[in-house]
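# Inside the fold
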Amino acid sequence: MKADTRKVFKRNILDSLGCAISALPGAPFTALRDQFAEYRSGGSCTLIGGGRTAPDQAALYNSGLVRYVDLLDSYMSPGGLCHPSDNFGAILAAAEHVKASGEDFMLALAVAYEIQCRITAVVPVMAKGFNHAIQLAMSSAAGAGKLFGLTDHQIANAISIATVDNISLTCVHVEPVSQWKGFSPGMTGMRAVYAASLAKRGFTGPSGLFEGPNGLLRMFDQNIDIDWSDDSLDVVKLTVMKKFCSLIHGQPVLEAVLKLKRDNGLGAKDVKHVRCDIFQTGYDIAGGGAFGPKDDPQTKEQADYNLKYLIAAAFLDDKVGPDQLEAERVRAADAHELLRRVEVRPDDVFTSRYPHELNARLTVETVDGRTLVREQLGYEGGLAKPLSWGRTVEKFHWLSEPFADSELRNNIIEAVANIDQNSIEYLMGLLGRASPKAVFRASHPGIQ
């Protein structure tokens, strides 16, 4: 792995851990711990925030943490997107289970990133009605299989076993968005780790997963032409990062909202009407288009996929972080009153530039008769302005401050910076010390 690629991977790893730690008090994770206690307690793998369980359940739990506050990385393609860090919890569990080195963990994670993103680049999975957890099954199984020391034949079987029963549908994103949107990837990773273990013991999967009768080529109705002879591991450089608790399509929108708000001293009481022009995919998924209306969000899962709510929250609270996804905030009367004054429309020019550019235009009509416009071309965290290691460290402190004291936070940052020189066991020992509840004073202003 090249030095510059290695540096970017460390950034993404730290980003994933910040996302995970910030999600620890989420109600679903209490429910998962109860389930683990009922079905299996103890095991070879550490839960972030303390406790141990079996590798497959650790994959589910830690993957769910990374995804929960919707601040994880993304990879964009014309036919959809994927979140490469959805692989993180599964590969982490597999690595700890076999007592892997940090170097081996990072290499397996890089392999998983490549597989998931290369398939996403050539198959418009979401446009065909399927969810990107399909290619996640392949990438997580391959990464776990590599850590488990499987042969090429065994890895092929692990991929087949994990994928054939993981045909995921895009309807998981449709209104009313359910809790399962954020946990489907974790379940995929859980099954991928288990599939890799079965393949190690001789289990076989269908050999016609791709080209065979009724395989993926028929399902996708196209060839899957990928140059697997290219052994570079540079796709991580094409991942984009988030500053706001929002789907990736909302990042330029929220940057524009806060810039307009702060430059003009606007409060929610000053806003008569907001129009957001955005690319078609952003409109369909989060603006009230093909995926359903966005007029009455009630849950976290609906809020972070709702541009109307996100814009309202930014005007009201001057930020969009984990607090803005709490159910009480989502359902608050002031947020619902303001989101009714927000209109979202598709824009043909922005659509033509997507996904290479994620652009938006905000037009705000004020109660005193002004019309304020900001056209946002890209955003911090996008390909044109990548999030630096220093900014990722800031983001990590912001997200993890309530759950870890400064010494522990700094030790985790140092462990990630030197992950290729230490064991995964060392990193997991630190992560297991994070508090599952917010017990430390939080004063970090965030990075928004």
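Below is a summary of the structure that appears in this document.

Right, let's talk about the overall build of the protein chain for a bit. From N to C terminus, the protein chain includes 19 helices and 8 strands. In terms of C-alpha radius of gyration, the protein chain reaches 21 Å, essentially the compact-globule figure of 22 Å for 448 residues. Principal-axis analysis of the C-alpha atoms gives the protein chain an extent of 70 × 50 × 45 Å. Looking at the protein chain as a whole, 61% of its 448 residues are labelled buried. Of the contacts made within the protein chain by residues no fewer than 6 positions apart, 75% connect residues no fewer than 24 positions apart. Total accessible area on the protein chain is roughly 17300 Å²; 50% of this is exposed by carbon and sulfur atoms. Averaging the coordinates of the 47 positive side-chain charges in the protein chain and doing the same for the 53 negative ones gives two points 3 Å apart.

Spatial ordering of the open sheet is given by β6-β5-β7-β8, a layout of 4 strands whose pairing is mixed. Every interior strand has two partners, whereas the edge strands, β6 (342-346) and β8 (371-377), have only one. Across the sheet, the mean angle separating the axes of adjacent strands is 15° when strand polarity is ignored. Two strands pair when backbone bridges link them, and strand β5 (residues 271-278) and β6 are joined in this way by 5 bridges, in the parallel orientation. Across the sheet, the residue bridging to D277 is R345, located in β6. Of the strands in this sheet, β5, β7 (359-366) and β8 are in contact with helix α10 (residues 251-264), which crosses β8 at around 140°. Helix α13 (residues 307-317) contacts β5, β6 and β7 of the sheet and is inclined by roughly 130° relative to β5.

In this section: the environment of Y309. Relative to the assigned elements, Y309 resides in helix α13. Judged by its relative accessible area of 0%, Y309 is buried. Beyond its immediate sequence surroundings of up to four residues, Y309 is in contact with P297, A303, Q324, R329, V330, A335 and L339.

Turning our eyes to something else, we now look at the packing of aromatic side chains. A ring pair, where both rings are aromatic, is described by two values, the distance of the centres and the angle of the planes. As enumerated under the stated definition, the model contains 9 aromatic pairs in all. Both rings, one in F29 and one in F183, keep their centres 5.5 Å apart while their planes meet at 50°; by these two values the pair is tilted. Highlighted residues: F29 in helix α2 (residues 27-39) and F183 in helix α8 (residues 180-200), separated in sequence by 154 residues. With respect to burial, F29 and F183 carry one shared label: buried. Look at F279 and Y354: their rings are 4.6 Å apart centre to centre, the planes differ by 15°, and that puts the pair in the stacked class. On the criterion of sequence distance, the pair formed by F279 in the loop between β5 and α11 (280-286) and Y354 in the loop between α16 (348-353) and β7 is long-range, its members being 75 residues apart. Taken individually, F279 and Y354 each receive the classification buried, so the pair is uniform in this respect. Pairwise contacts between aromatic rings join F29, F36, Y61, Y68 and F183 into one cluster. Above the face of the Y68 ring, K300 is positioned so that its terminal group lies 4.7 Å from the ring centre.

For the rest of this paragraph, the subject is the side chain of R67. Relative to the helices and strands, R67 is located in helix α3 (residues 55-68). Assessed through its relative accessible area of 5%, R67 is described here as buried. Polar side-chain contacts of R67 include one of 2.8 Å to the side chain of D86. One polar contact links the side chain of R67 to the main-chain carbonyl oxygen of K181, over a distance of 3.5 Å.

Quick look at the pattern of salt bridges now. For the structure shown, the criterion picks out 32 salt bridges. One salt bridge connects E103 with R6, and the closest N-O pair in it is separated by 2.8 Å. Of this pair, E103 sits in helix α5 (residues 102-122) while R6 sits in helix α1 (residues 3-22), and the two are 97 residues apart along the sequence. We classify R6 as buried; its relative accessible area is 17%. Two residues, R361 and D347, come together in a salt bridge whose shortest N-O distance is 3.5 Å. A residue pair is termed long-range when its members are at least 10 positions apart, and R361 in strand β7 and D347 in the loop between β6 and α16 qualify at 14 residues. Several salt bridges share partner residues, and in doing so they unite R275, D277, R345, D347, R361 and E375 into one network.

One finds I13, L17, F105, V253, F315 and I412 to be the most contacted residues of the largest nonpolar core, which totals 147 residues. Considering every element that reaches this core, the biggest residue donor is α5, with 10 residues. With near-sequence residues (within four places) excluded, I412 lies in contact with L17, I21, F396, L430 and L431.

Cut-offs and rules
- Starting afresh in each chain, residues are numbered from 1 along the sequence in its written order.
- In keeping with the model being predicted, local features are shown solely for residues with a pLDDT of at least 70 and side-chain atom pairs are shown and tallied solely at 80 or more, while totals for entire chains, interfaces and linings include all residues.
- Computation of side-chain values: all heavy atoms of the structure, hydrogens and water removed.
- Segments assigned H or I by DSSP are reported as helices when at least four residues long, segments assigned E as strands when at least two residues long, and all are numbered from the N terminus.
- Two things to know: the radius of gyration comes from C-alpha atoms, and the globule rule equals 2.2 Å times the number of residues to the power 0.38.
- Note on exposure labels: buried denotes an accessible area under 20% of the residue type's maximum, exposed denotes more than 50%, and partly exposed covers the range between, all computed with a 1.4 Å probe on protein chains only.
- Note on definitions: a residue-residue contact is assigned when non-hydrogen atoms from the two residues lie within 4.5 Å.
- Each accessible area is a Shrake-Rupley result for a 1.4 Å probe, and residues are judged covered by the shown protein chains and nothing else.
- In summary, the charge assignment counts Lys and Arg as positive and Asp and Glu as negative, without counting His or the chain termini.
- Here the site of a charge means NZ on Lys, CZ on Arg, CG on Asp, or CD on Glu.
- Any two strands between which DSSP finds at least two bridges are classified as paired.
- Only the stretch in contact is used when a helix axis is fitted, and all axes are lines through C-alpha atoms; the angle between N-to-C directions ranges over 0 to 180 degrees.
- Aromatic rings from Phe, Tyr and Trp, taking only the six-membered ring of Trp, are treated as a pair when their centres fall within 6.5 Å; an angle between ring planes under 30 degrees marks them as stacked, one over 60 as edge-to-face, and anything in between as tilted.
- Whether a charge sits over a ring depends on NZ of Lys or CZ of Arg being within 6 Å of the ring centre and within 35 degrees of the ring normal.
- What qualifies as a polar contact is a pair of N or O atoms within 3.5 Å, subject to a donor-acceptor requirement within protein and to the restriction that residues adjacent in sequence count only when both atoms come from side chains.
- We define a salt bridge as a side-chain nitrogen of Lys or Arg found within 4 Å of a carboxyl oxygen belonging to Asp or Glu.
- Only buried Ala, Val, Leu, Ile, Met, Phe, Trp, Tyr and Cys residues count toward a nonpolar core, and they belong to the same one when joined by side-chain atoms within 4.5 Å.

So yeah, pure geometry; function would need other evidence.
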